[in-house]
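Secondary and tertiary structure notes
The lines below spell out each chain.
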Amino acid sequence: MLWWIARATSLVALVLLTLTLALGIAAGAGRPQTRVLVQAVHRNASMLAVVLIGMHVATLVVDPHVDLGLVDLLVPFGSEFHRVATGLGTIALDLVITVAVTSALRTRLGGRTWRAVHALAYAMWPIAALHGLGAGTDVVAVRWLTVACAAVVGMGVAWRLTRARSRTASVLAVAGLAVTGALAGVVLA
Ligand code: HEM
């Protein structure tokens, strides 16, 4: 039962993190009339994702099937269970906490610092996705779900980069899409 809760919450969290990232990109580029609404959904989706990630790790800590201590939630690569993949989950969680705490302190930090730290969300997503693929079950549907989410994130990031209207950004966009496609090929092979 605990294992099912851990799995279900983690998969919904991954979808919510995908939605959060896509909406964050859309909010930055949208028209002023729609921006407030998109930002509100972005914020609520992120808060729900944090709650589900909390449930994911809390159930795994009490689940005897997985040997995880409280320290493993914050310090990566200490757990024997799929050491690298679980460590990536810890790094993703550390990044989620950093982004969430700095967002709560946004007015005190100032826009520039907050934006720089908030960009860590771009790194957090692929780390969380790789963690799920490595530590999770080998079910094909989970792989497909991860690839579908990767496609959404890949297209969102590519669109954001092409809007920057610089040659380097366009090259990065194409490279990012190529990496996403290659990842999909490897995962589904
Ligand atoms: C951003 C944070 C995180 C996200 C989005 C996330 C997401 C996921 C996903 C999608 C899976 C695969 C589920 C499946 O295949 O059915 C998974 C599995 C797993 N996660 Fe996480 N995770 C996060 C953080 C963590 C942390 C911090 C730990 C522990 C240190 C952790 C430990 C595990 C373990 C042990 C599994 C395998 C469970 C099993 O199948 O027995 N996760 N996670």
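Residues numbered from 1 in each chain as written. Predicted model: local features only at pLDDT ≥ 70, side-chain atom pairs only at ≥ 80, totals over all residues.

Quick notes on the environment of alanine 123
Selection rule: Going along the chain from the N terminus, every DSSP run of H or I of four or more residues is numbered as a helix, and every run of E of two or more is numbered as a strand. Exposure in this text rests on C-beta crowding, where 20 or more other C-beta atoms within 10 Å of a residue's own make it buried, 12 or fewer make it exposed, and counts in between make it partly exposed. The C-beta atoms are placed from the backbone.
Its location among the elements puts alanine 123 in helix H7 (residues 120-135). What makes alanine 123 exposed here is the crowd of 12 C-beta atoms within 10 Å. When the C-alpha atoms of alanine 123 and alanine 92 are compared, they prove to be 8.4 Å apart, with 31 residues separating the residues in sequence.

As for the site of the ligand
Using the following cut-off: Nearness here has a simple definition: the residue's C-beta atom, placed using the backbone, must lie within 6 Å of the molecule or strand. We call Asp, Glu, Lys and Arg charged. Ala, Val, Leu, Ile, Met, Phe, Trp, Tyr, Cys and Pro are nonpolar, and the rest, Gly among them, are polar.
Neighbouring residues of the ligand: 30 residues in total, closest Ser10, Gly89, Ala92, Gly132 and Gly136. For the shell around the ligand, the leading source of residues is helix H1 (residues 2-29), giving eight residues. Residue composition of the shell around the ligand, grouped by class: 19 nonpolar, nine polar and two charged.

Details of the confidence of the model for the protein
The line we're drawing: The predictor's confidence in any single residue is recorded as pLDDT, a number from 0 to 100.
Taken over all residues, the pLDDT of the protein has a mean of 89, while the share at 70 or more is 92%. Of all the helices and strands in the protein, helix H9 (residues 167-188) carries the lowest mean pLDDT, 69, while helix H4 (residues 83-104) carries the highest, 96.

Details of the domain arrangement of the protein
This is how the line gets drawn: An automatic or database domain assignment is the source of the domain bounds shown. Two residues form a contact once the distance between their C-beta atoms, set from the backbone, is within 7 Å.
One can read the domain layout of the protein as domain 1 (2-137) and domain 2 (139-189). The centre of domain 1, based on its C-alpha atoms, is set 19 Å off from the matching centre of domain 2. Taken together, the 15 residues of domain 1 in the interface contact 14 residues of domain 2. At the level of secondary structure, the elements contributing two or more residues to the side of domain 1 that touches domain 2 comprise H1 and H7. At eight residues, the largest contribution of residues to the side of domain 1 that touches domain 2 is made by H1. Classifying every residue of the side of domain 1 that touches domain 2 gives eleven nonpolar, four polar and no charged.

Some details on the packing of helix H2 (residues 32-62) against H4
Put simply, the rule is: To get an axis, fit a line to the C-alpha atoms, keeping to the stretch in contact for a helix; angles then go from 0 to 180 degrees between the N-to-C directions. Handedness of each helix crossing follows the sense of rotation of the near helix against the far helix: counterclockwise by less than a right angle gives left-handed, clockwise gives right-handed.
Axis separation between H2 and H4 bottoms out at 12 Å; the angle between their running directions is 145 degrees. Between H2 and H4 lies a crossing of left-handed hand. Along its contact with H2, which presents Val50, Ile53 and Val57, the element H4 presents Leu93, Val96 and Ala100. In terms of residue class, the contact of H2 with H4 is built from six nonpolar, no polar and no charged.

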